[in-house]
Amino acid sequence: MTRIIAPLIGLGFAFVLLLGLFGTITTEAEAPTAEHEFHLSPKHVDLASNGMLGKFDRQQLQRGFQVFKEVCAACHSIDLVAFRDLSALGYTEAEVKAIADQWVIEQPGVNPETGEAATRKNLPSDKFPKVYANEVAARAANNNAIPPDLSLLTKARPDGASYLYSLLTGYQEPSAELKREFPNFTVPEGLHHNPYFPTLNLAMPQPITSDGQVTYADGTAATVDQMAKDVTAFLVWTAEPKLEARHQAGLASVIFLIIFIALTWGAYKSVWRNVKH
């Protein structure tokens, strides 16, 4: 009896496994979603820092900092950057001190006389202060969304620079094609449509809204496209301030390897010139 039952149990287990495998293979594909069908890949943005030999355009970085200061800094922090780091953008020591001293948000601290919470003016050695004291305050001021710190944004997102530039210039109404294919698609109250955002709708309203929103000191025309490129370039710098040094080190390494290989090949040919291989 055991000889009969054991194979039957084995066949039963095999049948269940095959049934599970077949069910996995034949599972129907999920229905396409608007987020999948209409999420756009980032547009390429041409920056001086692009490529293996890229270098920062200091004038563009200063314009980008101005856009950040006048447009983005009301909601977003760059709390991994110190005021004195701005000297790398071409600002003088006096200009850095003035920027730190005049920054709207002051450094949190404690009154040494009373022990109560207080603030003080920023110093060049200070990091840029956080916009909000905590997450609760950030959510309360932004429709329950937390504005991300921008210090490392272009490194934290795939195609970071292109993604940021595309997002800043991509706000629009839902396309007619989107409405035709997904009639039930809506932009919830408090959100804003942008096909470069993964879910197509995001809490951040369009920050750069019109030409001339800032006035550049160097006379560059402040179009929406130009401002988006400039602030993107600035945030590439905040995420990778040593980019130029890294590129220079990489170039020096490649040159060294080329020379080393050439010398090694020459030595090989010289040492083994009379030896048959």
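Participant: Would you mind going over the packing of aromatic side chains in detail, with residue names and values included?
Facilitator: What the rule picks out here adds up to twelve aromatic pairs. With a centroid separation of 6.0 Å and 85° between ring planes, the pair formed by Phe 38 and Phe 182 is classed as edge-to-face. Of this pair, Phe 38 sits in helix 2 (residues 34-38) while Phe 182 sits in the loop between helix 8 (176-181) and strand 3 (192-193); the two residues are 144 residues apart in sequence, bridging distant segments of the chain. We classify Phe 38 as buried; its relative accessible area is 13%. Look at Phe 182 and you get buried, because its relative accessible area is 18%. Between the aromatic rings of Phe 65 and Phe 234, the centroid separation amounts to 5.6 Å while the plane-to-plane angle is 55°, which identifies the pairing as tilted. Residue Phe 65 is found in helix 3 (residues 58-72), and its partner Phe 234 is found in helix 9 (residues 224-239); the two are separated by 169 residues along the sequence. By the burial criterion, Phe 65 is buried, and Phe 234 matches it. An aromatic cluster is defined as three or more aromatic residues linked by ring pairs; in this entry it consists of Phe 65, Phe 68, Phe 83, Tyr 91, Trp 103, Phe 128, Phe 234 and Trp 237. For the cation-ring pair, Arg 63 lies above Tyr 216, with the distance from its terminal atom to the ring centre recorded as 5.7 Å.

Participant: I'd love a proper account of the nonpolar core, names of residues and values included.
Facilitator: Within the largest apolar cluster, 41 residues are counted, with the highest numbers of intra-cluster contacts made by Phe 65, Phe 68, Leu 86 and Phe 234. For this core, the secondary structure elements donating two or more residues are helix 3, helix 4 (93-102), helix 7 (160-169) and helix 9. Excluding residues within four positions of it along the chain, Leu 86 makes contact with Phe 65, Tyr 91, Val 96, Ile 99, Phe 128, Phe 234 and Trp 237. If you look at the next biggest cluster of nonpolar residues, it comprises six residues, including Ala 34, Phe 182, Phe 185 and Leu 200.

Participant: A description of helix 3 should follow, citing residues and the corresponding values.
Facilitator: In this model, helix 3 (15 residues) spans 20 Å end to end at C-alpha, consistent with the 21 Å of a helix rising 1.5 Å per residue. Every buried residue of helix 3 is accounted for by Gln 60, Leu 61, Arg 63, Gly 64, Phe 65, Gln 66, Val 67, Phe 68, Val 71 and Cys 72. Residues of helix 3 that are buried sit in contact with helix 4 and helix 9. The opening residue of helix 3, the one whose side-chain oxygen lies 3.1 Å from the backbone nitrogen of Gln 59, is Asp 57.

Cut-offs and rules
- Residues numbered from 1 in each chain as written.
- Predicted model: local features only at pLDDT ≥ 70, side-chain atom pairs only at ≥ 80, totals over all residues.
- Heavy atoms only, no water.
- Phe/Tyr/Trp six-rings, centres within 6.5 Å; stacked < 30°, edge-to-face > 60°.
- Helix = DSSP H or I, 4+ residues; strand = E, 2+ residues; numbered from the N terminus.
- Buried < 20%, exposed > 50% of the residue type's maximum accessible area, 1.4 Å probe, protein only.
- Lys NZ or Arg CZ within 6 Å of the ring centre and 35° of its normal.
- Core = buried A, V, L, I, M, F, W, Y, C linked by side-chain atoms within 4.5 Å.
- Contact = heavy atoms within 4.5 Å.
- Expected span 1.5 Å × (residues − 1).
- Polar contact = N/O pair within 3.5 Å; in protein donor to acceptor, adjacent residues only side chain to side chain.

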